[in-house]
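Spelled out from the first residue to the last, the chains are:
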Amino acid sequence: MLEIKDLHVNVFGKEILKGLSLKVPPGEVHAIMGPNGAGKSTTSYTLAGRAGYEVTSGEIDLYGEDITGLSPEERAAKGIFLAFQYPMEIPGVSTMNFLKTAMNAQARTRGEKELDAAQFLRTVRAAAKELNISEEMLKRPLNVGFSGGEKKRNETLQMALLKPKLAILDEMDSGLDIDALKLVAEGVNKLRAPDRSFLVITHYQRLLDYIVPDVIHILSGGKIVMSGDKSLALQLEENGYDAVINQAA
Amino acid sequence: MGKVVSLDNLLASMEARRNGAAPWLGSLLDESREKFASAGLPNRRVEAWRYSDLAKALHETVVLDVQADAPPELTGACVAAFEDGVLDNSLSSYCAMGAQPLRKVLADKDSIAANLIGKINPQHDHPIINLNTALMEEGLVLHVPKGVTLATPLHLRFNWSGVEAQGADGRHLRILIVLEEGAQATIFETHDGSPSFATIVTELSLAANSKLTHVRLENFGAAARQTAATVADIGESALYRAFYFSQGGHFARHEALLKMSGEQSHAEIDAAYLVADKRHCDNTTVFLHAAPNTSSKQTFRGVLAGAGRGVYQGCVQVAQAAQKTDAKQLSRALLLSHKAEIVTKPELEIYADDVKCSHGATAGELDANALFFLRARGIPETEARAMLVEAFLGEALDTIENEGLRELASTRAHLWLARHAGEATHVE
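Report follows, based on the coordinates.

### Notes on the overall build of chain B
No. 1: Within chain B, the regular secondary structure consists of eight helices and 19 strands.
No. 2: Its C-alpha atoms give chain B a radius of gyration of 21 Å, within 12% of the compact-globule value 22 Å for 428 residues.
No. 3: With respect to the principal axes defined by its C-alpha atoms, chain B has extents near 70 × 55 × 45 Å.
No. 4: Residue burial in chain B is summarised as follows: out of 428 residues, 58% are buried.
No. 5: Counting only contacts in chain B whose residues sit at least 6 apart along the sequence, the fraction spanning at least 24 positions is 86%.
No. 6: Carbon and sulfur atoms form 49% of the exposed surface of chain B, whose accessible area is close to 16100 Å².

If you want it as structure tokens, here you go:
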């Protein structure tokens, strides 16, 4: 359960989010759509706690707990997961080592037991197989030399292993051809669960054919201007953002 | 407290040293002493020492620290142990590979060193090499005959207890290594503790088709003052392959002065330096390509924390005859703090017209995007920073072929990372 209350956010001194309010109940998939410059990326970075995204007023609650002031790593341990639009390539850090460090760090922060080496390997191998990720890919440095599809599958793998309560998918379809998109969407759909919410941020309706949302919100000028069911996406596809937003206003 | 090292003290010691020297050595000592006397201790008015003012550093008083980390042990290696600048035979096993103490070699009437010392890639005007020559007594000479491959590495272990200062003239050690045609050897050189003032000059003569692997770990205490030079002549198709690790000191400098004198010779250095607190670490290289078809590659990676100061001066000289030279130079520095400093000075002097020489230098902070990515996955900031610094260094450490040596270098790096890599004074 995510609840954003009247959120105002400045980036480099400029107000980008101007009173964003949103509620995503457990188990639901909500999409945020909007034109360029509406504040979509700002929303995902602010939820993940990136430095430089300054919350001037409002609140972000996760299952009733205010997380507005927490660091990115604390939010991650509370169950927030951001799937990046452009996952970082990090030379010198192997994918395996990264996964292990992340899983163990979250476990430690939550006061849970860390996985031993054998448990870890079993868990990763099983999850990787589901997503058609090879052993060889896991040994490579994180995302280095990965294709667009491989990077997004790798993000999905991380999501599967870290078991978040709220997954934010930021422009999950960028850089993907239709086959890669289907594969990633399939991976995401398998992770849908009654105690997990999704926030799918996208510019295009295409992604929502594969990850079908319960609710669609339209973000424009830093706030939600319209919400509706999935038919809203089709309306946007047909008439464009301007027409739909003007009609709402 | 270290005693003040002054020009007068050094010259007086040289005088005394000259009086007891073997006849063949006399003219070499005289020449070195005269040159040193006219140049004086190097200071920032001398271009090559502009960013590392030794004269000034020697005037500063330092409190010697009794060293914390024990010197590394390399299983199976033959050891030449220098304790506070003196070769300690009770801790050494170098005889097994036929090495000899420098003291003995210098005292010989017809010394094998007579044609070698100061004559391998000569540096007539180098103030520190002249100082070292005029005062050298302790050291080691290793001669590897034609076609012989030494089965075990030679560990040159310099350990400074820090219990007392090295007098008003410091300690000056000389290492001489000769690889005859086709010979192969591995030298593992370690520096631990805090010399109040030491110079170490290592001369390497690499004949045709020989191969020397040189792994050098400096793990000084904060008060250490040392300036060292590795001087090499690399013959036809010979190979010098080195890894240098250093974490600076009150004043720590190492120069690699390499001459590719035979065709197809190749020199390659990968280096990592990690400098924290108020330490100073200087890496200087002068690669002289003197013959055609020679190649070299140098990659220096620095991590600067606290108020640490790093200096990298890399000079590539290509003589007119050295056509088809291929020289690559890269300096990368990671600054973890706003007070840390890196000085990078690449120099190319090219007199041939058909050469490939490249150089690159970067200095920057940790990648903010990468850091956020790791933190967004739940990895705490300190740990995430350490991971990124380690990844940056990993590329250098991975170049060490010998597994035992790689592990010893990695251990040193990890100790440093554990102490300093998480330091963050950046405002994001």
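### Examining the overall build of chain A
No. 1: A count of helices and strands for chain A gives nine helices and 12 strands.
No. 2: A globule of 249 residues ought to have a C-alpha radius of gyration of about 18 Å, and chain A, at 18 Å, matches this closely.
No. 3: C-alpha atoms of chain A, sized along the principal axes, occupy 55 × 40 × 35 Å.
No. 4: Looking at chain A residue by residue over its 249 residues, the buried ones come to 53%.

### A word on helix H7 (residues 381–397) of chain B
Residues and elements named next belong to chain B.
No. 1: For H7, built from 17 residues, the straight-helix expectation of 24 Å at 1.5 Å per residue is met to within 8% by its first-to-last C-alpha distance of 24 Å.
No. 2: Counting buried positions along H7 gives 12 out of 17 residues, so the element sits mostly inside the fold.
No. 3: Every buried residue of H7 is accounted for by Ala 384, Arg 385, Ala 386, Met 387, Leu 388, Val 389, Ala 391, Phe 392, Leu 393, Gly 394, Ala 396 and Leu 397.

### Details of the sheet that holds strand E10 (residues 197–202) of chain A
All names here are of chain A.
No. 1: Strand order in the open sheet formed by six strands is E6-E9-E10-E3-E11-E12, and the pairing between neighbours is mixed. Edge strands, defined here as strands with exactly one partner in the open sheet, are strand E6 (80–83) and strand E12 (223–228). Strand-to-strand twist in this sheet, taken as the mean axis angle between neighbours without regard to direction, amounts to 20°.
No. 2: Bridge count between strand E3 (residues 29–33) and strand E11 (residues 215–220): four bridges; the pairing is parallel. Its bridge partner lying in E11, Ala 31 is registered against Ile 216.

### Some thoughts on the pattern of salt bridges
All names here are of chain B.
No. 1: Throughout the structure, instances matching the rule amount to 41 salt bridges over all chains.
No. 2: Two residues, Arg 33 and Glu 15, come together in a salt bridge whose shortest N-O distance is 3.0 Å. One end of the pair, Arg 33, is in helix H2 (residues 26–39); the other, Glu 15, is in helix H1 (residues 7–19), with 18 residues separating them in the sequence.
No. 3: For Glu 15, a relative accessible area of 38% translates into the label partly exposed.

### Regarding the interface of chain B and chain A
No. 1: Chain B puts 20 residues into the contact, and the matching count from chain A is 32 residues.
No. 2: Interface area for chain B against chain A, summed over the two sides, is near 2000 Å², with a carbon-plus-sulfur share of 68%.
No. 3: The tally of links between chain B and chain A comes to three salt bridges.
No. 4: Where B:Glu383 meets A:Arg108, a salt bridge forms, and the shortest distance between an N and an O atom there is 2.9 Å.
No. 5: Summed over the shared surface of chain B and chain A, the result is eight residue pairs in polar contact (both at pLDDT 80 or more).
No. 6: For the side of chain B that touches chain A, the secondary structure elements donating two or more residues are helix H6 (368–376) and H7 of chain B.

### Digging into unusual backbone geometry
No. 1: Unlike most non-glycine residues, A:Asp6 shows phi in positive territory, near 45°.
No. 2: Tracing the backbone through its elements, the reader meets A:Asp6 in strand E1 (residues 2–11).
No. 3: Residue classification places A:Asp6 among the partly exposed residues on the basis of a relative accessible area of 42%.
No. 4: Backbone geometry places B:Asn293, a non-glycine residue, at a positive phi of 60°.
No. 5: Tracing the chain through its elements places B:Asn293 in the loop between strand E14 (280–289) and strand E15 (295–304).

### Notes on the nonpolar core
The nonpolar side chains of a soluble globular protein tend to be buried, and buried together.
No. 1: Counting residues in each nonpolar core, the largest one holds 117 residues, and the members touching the most others are A:Ile90, A:Leu157, A:Leu169, A:Leu199, B:Phe243, B:Val303 and B:Leu374.
No. 2: When sequence neighbours within four positions are dropped, the list of residues in contact with B:Val303 reads B:Tyr273, B:Leu274, B:Val275, B:Leu334, B:Leu336, B:Val389, B:Phe392, B:Leu393 and B:Trp416.

### Here's the deal with H6(B)
All names here are of chain B.
No. 1: With seven of nine residues buried, H6 is to be regarded as a mostly interior element.
No. 2: When we look at burial in H6, the residues that qualify are Ala 370, Leu 371, Phe 372, Phe 373, Leu 374, Arg 375 and Ala 376.
No. 3: Put simply, Asp 367 is the residue that caps the front of H6, since its side-chain oxygen is 2.9 Å from the backbone nitrogen of Asn 369.

### Considering the sheet that holds strand E8 (residues 198–206) of chain B
Across a sheet, paired strands are connected by hydrogen bonds in the backbone, their directions being either parallel or antiparallel.
Residue and element names in this part refer to chain B.
No. 1: Spatial strand order, E3-E4-E6-E8-E10-E12-E14-E16-E18: nine strands in an open sheet with mixed pairing. Two strands in the sheet have a free side with no partner beyond their single neighbour: strand E3 (100–101) and strand E18 (341–350).
No. 2: Looking at chain direction, strand E16 (residues 309–318) and E18 are connected through 10 bridges and run parallel. When the bridges of E18 are listed, Val 318 appears paired with Ile 350.

Thresholds, definitions, all that
- Residues numbered from 1 in each chain as written.
- Chains lettered and ligands numbered in written order.
- Predicted model: local features only at pLDDT ≥ 70, side-chain atom pairs only at ≥ 80, totals over all residues.
- Heavy atoms only, no water.
- Helix = DSSP H or I, 4+ residues; strand = E, 2+ residues; numbered from the N terminus.
- Rg over C-alpha atoms; globule rule 2.2 N^0.38 Å.
- Buried < 20%, exposed > 50% of the residue type's maximum accessible area, 1.4 Å probe, protein only.
- Contact = heavy atoms within 4.5 Å.
- Areas by Shrake-Rupley, 256 points an atom, 1.4 Å probe, with all protein chains shown as cover.
- Expected span 1.5 Å × (residues − 1).
- Pairing = 2+ DSSP bridges.
- Axes fitted to C-alpha atoms, helices over the stretch in contact; angles between N-to-C directions.
- Salt bridge = Lys/Arg side-chain N within 4 Å of Asp/Glu carboxyl O.
- Buried area = accessible area lost by both parts, 1.4 Å probe.
- Polar contact = N/O pair within 3.5 Å; in protein donor to acceptor, adjacent residues only side chain to side chain.
- Core = buried A, V, L, I, M, F, W, Y, C linked by side-chain atoms within 4.5 Å.

Honestly, that's just the spatial picture; any functional story needs more than this.
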